[in-house]
Amino acid sequence: HEKIKLTGNPVRKALLDMRTNRNEAIKAMGLDDEKKCVLIVGGSLGARSINEGIIANIELIRANKDIQFIWQTGKLYFDEMKERADKAGKPENLMITDFVSDMANALSAANVVVSRAGAGSISEFALLGKAVILVPSPNVSEDHQTKNAMALVDKNAAIYVADANVKEELVTKAIETARDADSIAKLEENIIKFGKPNAADEIADAVLMLADAYIEKQTRREKENLR
């Protein structure tokens, strides 16, 4: 235990450098600044269960016109999901895209983010102080995404929805959270405590320190052998 150093995960520097205030981000994304915004991402390839949960709740999204949704389906599912949403009569407050290229503005615009619980994603949300609903993937080794999520949930720094319960719970919880300013503020306040902005530097410093220690040890051995 005493040999373990907690550094956090390095994140894209551009994500922090490109942050804008919410009004600028809303304008850049073509959104309505008078409405709350929920950003739904399942990774670049997409997440089948999350996508099915959105399709199953199209009418609920339509009924809550005061909230706008950005839905990243992922490239694998985009054509199918867009066709199914169009057939169901896609709500005006639902923006569908295969991939969010301007993630900095999308995150700045969002009041609530729905995401898988990979370590990289969580590291970014923590640095940005975003209110998140985490849906851990069940298809990962040792169920590590659930462990990632619960580390935050136990500190009231994120909301958890099990993958198996997405259709019944996810959209409802996203809407409830988006409307609850106090809950959003508390989630933001708590998750930012997990942020490790200097992770890359700390990892590099640790590697150099270990290298120096190794070289010093080898040099000492060589001197002893010469004797």
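Quick note: structure is the one above.
Let me sum up the structure you'll find in this document. (Residues numbered from 1 in each chain as written. Predicted model: local features only at pLDDT ≥ 70, side-chain atom pairs only at ≥ 80, totals over all residues. Heavy atoms only, no water.)

In this section: the pairing of strand β2 (residues 67-72). Most of β2 sits out of view: 6 of its 6 residues are buried. Of the two faces of β2, the one holding Ile67, Phe69 and Trp71 and the one holding Gln68, Ile70 and Gln72 are both buried throughout. Alignment of strand β1 (residues 36-41) against β2, held across 6 bridges, turns out to be parallel. Paired with Leu39 across the bridge in β2 is Ile70. Here β2 runs beside strand β3 (residues 94-97); their pairing, made up of 4 bridges, is parallel. Bridging from a neighbouring strand, Phe69 pairs with Leu94 of β3. Following the backbone out of β2, through helix α5 (residues 78-87) and into the adjacent parallel β3, one traces a crossover that is right-handed. (Buried < 20%, exposed > 50% of the residue type's maximum accessible area, 1.4 Å probe, protein only. Helix = DSSP H or I, 4+ residues; strand = E, 2+ residues; numbered from the N terminus. Pairing = 2+ DSSP bridges. Right-handed = clockwise from strand over helix to strand, strands pointing away.)

Taken together, 6 strands build an open sheet; the order of strands is β3-β2-β1-β4-β5-β6 and the sheet is parallel. Looking at strand neighbours, the two that pair on one side only are β3 and β6 (159-160), the edges of this open sheet.

All right, on to the pattern of salt bridges then. All told, the structure shown has 11 salt bridges when counted by the stated rule. Here Glu59 and Arg62 are joined by a salt bridge, their closest N and O atoms 3.0 Å apart. Residue Glu59 and its partner Arg62 are both found in helix α4 (residues 58-63); the two are separated by 3 residues, about one turn of the helix. A relative accessible area of 48% places Glu59 in the partly exposed class. Lys186 is the salt-bridge partner of Glu189, the closest N and O atoms lying 3.7 Å from each other. Linking Glu189 with Lys186, this pair stays in helix α10 (residues 181-191), spanning 3 residues, or about one helical turn. (Salt bridge = Lys/Arg side-chain N within 4 Å of Asp/Glu carboxyl O.)

One non-glycine residue, Glu142, lies in positive phi territory at about 55°. Even without glycine at this site, Asp143 takes up a positive phi of about 50°. Relative to the helices and strands, Asp143 resides in the loop between β5 (132-134) and α8 (144-153).

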